[in-house]
Structures are given as C-alpha cells and as structure tokens.
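Structural description and commentary
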Amino acid sequence: MFKKFHEKDSVTSVTQLRNTDVKRLKQRLTQDFPHIESVLDEILPKKDTPKLVKCQDHIELIADSTGQPLFFRFRDSQSYIPLLRLLHKYPFILRPQQVDKGAIRFVLSGANIMCPGLTSPGAKLCDAPKDSICAVMAEGKEHALAIGLLKMSSQDMQQINKGVGVETLHYLNDGLWTVKHGFK
Amino acid sequence: MAEALSDDIESNSSNPISVQVNYPGPKHDIQYPLNIQYCGECSLPLEYCEYGADPERCREWLERTLPDLLNQMQASGNANDDKSGEKKRQTRGGKGMPKGKKKFEAQRIVLNKQQRKGNKFVTIIQGLASNEVDIELARKFFAQKFSCGCSKSGDDELTIQGDVVSELIDLLPDKWNQINPELIEDKS
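Small disclaimer: the values here were computed from a predicted structure and weren't measured. (Residues numbered from 1 in each chain as written. Chains lettered and ligands numbered in written order. Predicted model: local features only at pLDDT ≥ 70, side-chain atom pairs only at ≥ 80, totals over all residues. Heavy atoms only, no water.)

1. Observations regarding the pattern of salt bridges
Applying the stated criterion across every chain yields a total of 11 salt bridges over all chains. Where Arg73 of chain A meets Glu60 of chain A, a salt bridge forms, and the shortest distance between an N and an O atom there is 3.0 Å. In this pair, Arg73 of chain A sits in strand E4 (residues 69-74) while Glu60 of chain A sits in strand E3 (residues 59-63), placing the two residues 13 residues apart along the sequence. Pair check on accessibility: Arg73 of chain A and Glu60 of chain A agree, each one buried. Between Arg139 of chain B and Glu136 of chain B there is a salt bridge, with its nearest N and O atoms 3.0 Å apart. Placement of the pair is Arg139 of chain B and Glu136 of chain B together in helix H4 (residues 135-145), with a separation of three residues, close to one helical turn. (Salt bridge = Lys/Arg side-chain N within 4 Å of Asp/Glu carboxyl O. Helix = DSSP H or I, 4+ residues; strand = E, 2+ residues; numbered from the N terminus. Buried < 20%, exposed > 50% of the residue type's maximum accessible area, 1.4 Å probe, protein only.)

Structure below.
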C-alpha cells in the first residue's frame, strides 16, 4: 500500500486534528486494540494536538505534533492502524502472526502472505478473526516485519490453507517507513 | 516481544503443525516504549540487515558505531547455526530477492558544452551527486561564483550559463576534496 509513497509528493494536506476527532480516535483505538489503553497517554498526550495528514489514494495519517506519523487509515475504514515504528516501541498493541523464514524476503517487497506461509513449520498463528489487524512477525526475529489485515480468520487459514491469508498493508522499508522528517 | 513468542498448544487442535499463540498485553517487567536500535545504513532493525540492500555496508556501519552490539550478535549467532537450518526451510526464488538501492554508477563527472542562441554557450555538469556533492549547494555556489544563472536540469545534472568548462576543471577538485581530478571528463 505504501510502496510508492513519498514524503513530499504523496501528501495533499496537513491539518490540526479537532478535539472531537481526537476523542473519537482514542475511543476507536481502545476499542480495536485493547492493550493500547495503558500507553495511549504516552502515544497521544493530552496537551499535544495531533495532525491529520491527507494523502493520495484515500490514505490518512495521524501524526503527533512534531510531525512523526503514528497511525494510518485507508478508504473510509473506521479503524486506525499503527505504524511499524510505533509497533516496535509497543509490540503488544497488535496480535502477532508469525511467518516462516522463507517468506521474509517477499513480505519485504510488499507481497501479501499466503496461507501456507502461516501454517508451515516455523510459522505461528494467533487466534484472530477475519478483518482484524495483526503484526507480522518473522521466524527467528524479534521485531515485527510488517502490519497486515487478515483476509480469513486463523481457523479458516488452518483448514482451507489456500489463497491470501494476510494482506500486507505496511512493511519494513516501504514508503511510509522511510519517512524521515515528518509532516509539518 | 522481547522473548520468543510463548507457545500455547490447543488441546483440540486438529493441525499440530502451527502453534496457537496468545495475545498477551504489555509485559510488566519491561519498560515501554522500547528503544529499538535501527541500522544506520538500511534503516531496518539490526536483525534484518541481511535482507537489506547491502549487508556488507551494514556490517561495516555496525563495526564503526556499535562494536559492542556486534560482538553480542556474533556470540549469539554462533550458537544458532543458521546455515544448516536454512537448508531445511522452504526456499523460494523469484521476486523475493532484495533489490539494491539504485546507486549512481557514473562516478565520473562529465563536463559538456552546448550552444545556445548567438554566440552563447552553457556548460553542463553531470555526475556531481554520485560524488556526494550537495547539488543545491553546488548550484548556489556556481551561480555566485560565475555571476550567472545556474539550474538543476536533471537528476544529477547542472546547467551553468556561459562557458566555464576550463574554470570548472580547476574549481571542482579545489572546492570539493572528494572529487578526484582524474574523474573529470571534458567532452566539450
């Protein structure tokens, strides 16, 4: 999704997020990611007004007041997804799904994850419903490799074992990861 | 996820191959936010450097900046014995191979002269960026130095109004030490 994202070119506007929207954002985050509640005040401090960064292809980013992106949202989906940089700091936010070693290269070039990659030896599945956001971990690695959206529930993945299991939304070294200066 | 994911095998799981994992919350003994060390070369967490564009450069960066971490990683790496494990895993080919970042191959600097209307010329310099010269800075410098217009006419190209080829041959190695005078090619 962020394969062709450029810090300067893909952004259309940067605005301050209104208070009502900030409240709604926090509510939504606590609903989607129950474990985030304990650190939500660190990520989005009360006095700090976050910024709303609108981008091409119906993508919106939520950045903190310094301009560093924290969450993103696509189309009109109500849920916000944390960025990999944030996930590395607070790994407990998302459910982990582990892929086997051979899949790492593909995920790093933006490929979606097929079911066999999650059911082979070396892979680990976490109980998760369809359309939930997960952290893609790699066999033998400590840090998250990517963030994905489950196209099937983990039960289905084990039983059917064919087709796309997890759609890769954001991965290491994609356009969004390489944002250096933030959005002013 | 500072330690390996905890295993929690379901008793009624029909598929014994993949193991079901818990969705644990924050660990109580760990201070969040975690401070992750990213590689200076590939910007990935250190364990992913092998999947970056140039693992050799990553290693060199690590040796220069964080030699203690390198020793730590080497010590644990020997215990893992990756290579025998790799052969047992699925190997896939194709599009999954890492692509290097496009390195400017033209390390040499090419000077060219073009004719504009009348008895006027412009000098074109190609290849400055590949020699680690800030193009913006160079542009301003040339414009001031030669009291003329200078513009960025391409990804790695500057156009200076006027015929300044001979001055440039002397100027470039003078101003920027990293430029080797032998690398300058005069095609005018």
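Next comes the rest of the description.
2. Here we look at the environment of Ile125 of chain B
All names here are of chain B. Positionally, Ile125 belongs in strand E3 (residues 121-126). Sequence-wise, Ile125 and Asp156 are 31 residues apart; in three dimensions their C-alpha atoms are separated by 8.3 Å. Leaving out residues up to four positions away in the same chain, Ile125 has contacts with Ile109, Val110, Leu111, Phe142, Asp156, Glu157, Leu158, Ile160 and Leu168. (Contact = heavy atoms within 4.5 Å.)

3. Regarding the confidence of the model for chain B
Residue and element names in this part refer to chain B. On average, residues of chain B score 74 in pLDDT, and 71% of them reach the 70 mark or higher. Ranking the elements of chain B by mean pLDDT puts helix H3 (residues 82-88) last with 47 and strand E5 (residues 157-161) first with 92. Segment residues 1-18: pLDDT under 50, and 34 contacts once partners within four positions in sequence are set aside and those in other chains are kept. Within the model, the stretch residues 79-88 combines pLDDT values under 50 with two contacts to residues more than four positions away or in other chains. Both confidence scores are given for the complex: pTM 0.67, ipTM 0.77. (pLDDT = per-residue confidence, 0-100.)

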